[in-house]
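Next come the chains, spelled out residue by residue.
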Amino acid sequence: HWPVGAAVAAGLLVGVLAGLINGVLVVRTGINSFIVTIATSSVYLGLNLGMTQAQPFYHLPREIAAFGQARIGFVPSMLAVTVPVAIVMAIFLHRMVLGRQILAAGGNWNAAQTAGVPVNRAVILAHVISGGLAATAGLMWMAQLAVAQPMIGSTWLLPSFATPIIGGAVLSGGDVSIIGTVLAAFVVALIQNSLVHLQIDPYYVQFLLGLLILGAVGLDRLSQRRKIERGTV
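None of the values given here were measured: they were computed from a predicted structure.

What counts and how
Residues numbered from 1 in each chain as written. Predicted model: local features only at pLDDT ≥ 70, side-chain atom pairs only at ≥ 80, totals over all residues. Heavy atoms only, no water. Helix = DSSP H or I, 4+ residues; strand = E, 2+ residues; numbered from the N terminus. Rg over C-alpha atoms; globule rule 2.2 N^0.38 Å. Buried < 20%, exposed > 50% of the residue type's maximum accessible area, 1.4 Å probe, protein only. Contact = heavy atoms within 4.5 Å. Areas by Shrake-Rupley, 256 points an atom, 1.4 Å probe, with all protein chains shown as cover. Lys, Arg positive; Asp, Glu negative; His and termini not counted. Charge placed at Lys NZ, Arg CZ, Asp CG, Glu CD. Arc of directions from axis to C-beta. Core = buried A, V, L, I, M, F, W, Y, C linked by side-chain atoms within 4.5 Å. Patch = residues over 30% accessible without salt bridge, like charges linked within 9 Å, V, L, I, M, F, W, Y side chains within 5 Å. Salt bridge = Lys/Arg side-chain N within 4 Å of Asp/Glu carboxyl O. Polar contact = N/O pair within 3.5 Å; in protein donor to acceptor, adjacent residues only side chain to side chain. Expected span 1.5 Å × (residues − 1). pLDDT = per-residue confidence, 0-100. Axes fitted to C-alpha atoms, helices over the stretch in contact; angles between N-to-C directions. Parallel < 35°, antiparallel > 145°, perpendicular 65-115°, else oblique. Nonpolar A, V, L, I, M, F, W, Y, C, P; charged D, E, K, R; others polar.

Broken down by element type, the chain carries 10 helices and 2 strands. Secondary structure elements in the chain, listed N-terminal to C-terminal, are α-α-α-β-β-α-α-α-α-α-α-α. What you see for the chain is a C-alpha radius of gyration of 19 Å, in line with the 17 Å of a compact globule of 233 residues. Projected onto its principal axes, the C-alpha coordinates of the chain cover approximately 65 × 45 × 35 Å. Out of the 233 residues belonging to the chain, those deemed buried represent 24%. Intrachain contacts of the chain at a sequence separation of at least 6 include 61% that bridge at least 24 residues. Summing over all exposed atoms, the chain offers an accessible surface of approximately 15,200 Å²; the carbon and sulfur share of this is 69%. Each charge class in the chain was averaged separately, 11 positive and 5 negative side chains, and the resulting centres sit 9 Å apart.

In structure tokens form, the structure reads like this:
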């Protein structure tokens, strides 16, 4: 019974707080951020299922469902969110000091710290942004389905990992392509939809994504080796 704006803001705040917790845990414990994220995602999912009793909520305000399912021609209205977010993230990471600090901390923690970059703050900020973006994606998916499903993001782990890698993100950190990530998301979605239209077993989607990840990681490693060899020469 909350106003729509307040409910959406609360949902985003939950994502930001979850990201903040993840970032603080990474900084305080020194555990790999991927491991921390996997562990806390299980914790958050357990809390979610416990609070909701694993029951979906169908009585969403009409404004939410209308926005999630609206189209302008063949273009979904939710692009009004995704496009600005992509543009803002590209500007933030490549044109702003805080964004450059995040990339520096990801590329080489020790070198960034020696250069005076507040690496702990950068790591926490990266996780806060990640939590906010994840919450945004969850809210948008909820609007598109017109139902609040407790397990709504459980199948997104592999695609969310595969998309930036396919889009050109460097696994060792320090470099990411927002445009590449967006294009990779379109490719993954196109593959999934194509398999459905071709009436191919949907379980093979996971198989194909796995192959794409292996290929992208292999190309990343090959590229890194060539850079090292050129630097050595």
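Before going further, it helps to spend a moment on helix α3 (residues 62-69). Looking at α3, one finds that the buried residues are I64, A65 and G68. Seen from one end, α3 has its buried residues packed into an arc of 90 degrees, which puts them on one side. Of the exposed residues in α3, those oriented more than 90 degrees away from the buried face are R62 and E63. The secondary structure elements touched by the buried residues of α3 are α1 (4-29) and α7 (119-145).

The next point concerns the nonpolar core. With 14 residues, the main nonpolar core has M89, F92, L93, V119, V176 and I178 as its most contacted residues. Only α4 (79-95), α5 (97-107) and α7 provide two or more residues apiece to this core. Residue contributions to this core peak at 4 residues, all from α4. Once residues lying within four places of it in the same chain are set aside, the contact partners of V176 are L93, H94, L103, A169 and T181.

Where nonpolar side chains cluster on the molecular surface, the patch consists of I31, F34, I35, I38, L157, F161 and L171 and spans about 610 Å² of accessible area. Looking at the nonpolar patch, the elements with two or more residues in it are α2 (33-52) and α8 (157-166). Considering every element that reaches the nonpolar patch, the biggest residue donor is α2, with 3 residues. On the secondary structure map, I31 appears in the loop between α1 and α2.

Further remarks concern the side chain of Q101. Counting through the fold element by element, Q101 comes out in helix α5. Separated by 3.3 Å, the side chains of Q101 and R121 make a polar contact. Not counting chain neighbours up to four residues away, the residues in contact with Q101 comprise V117, P118, R121 and A122.

Before going further, it helps to spend a moment on α7. Between its first and last C-alpha, α7 extends 39 Å over 27 residues, near the 39 Å set by a 1.5 Å rise per residue. Where α7 is concerned, the buried positions are V119, A122, V123, H127, V128, G131, G132, A135, M140, M142 and A143. Where the residues of α7 are buried, they touch α1, α2, α3, α4, α5 and α6 (109-114).

This part covers the environment of T181. Structurally, the position occupied by T181 is in helix α9 (residues 178-197). For T181, a relative accessible area of 21% corresponds to the partly exposed category. For the pair formed by T181 and I191, sequence separation is 10 residues and the distance between their alpha carbons is 15 Å. Sequence-distant contacts of T181, that is, excluding residues within four places in its chain, are made with T163, P164, G167 and V176.

Okay, the confidence of the model for the chain next. Detailed reading of the predicted coordinates is not advisable wherever pLDDT is low. Taken as a whole, the chain shows an average pLDDT of 86; of its residues, 98% reach a score of 70 or greater. Across the chain, the secondary-structure element scoring lowest on mean pLDDT is helix α10 (residues 203-232), at 74, and the one scoring highest is α1, at 94.

Further remarks concern the side chain of S77. Along the chain, the position of S77 falls in the loop between β2 (75-76) and α4. Non-local contacts of S77, meaning those with residues more than four positions away in its chain, are made with F67, A70 and R71.

Glancing now at the packing of α4 against α5. In the contact formed by α4 and α5, the axes pass within 5 Å of each other and the chain directions differ by 70 degrees. In terms of orientation, α4 and α5 fall into the roughly perpendicular class. Of the residues in α5, those touching α4 at F92, L93, H94 and R95 are V97, L98, G99, R100, I102 and L103. Along the lines of polarity and charge, the residues of the contact of α4 with α5 split into 6 nonpolar, 2 polar and 2 charged.

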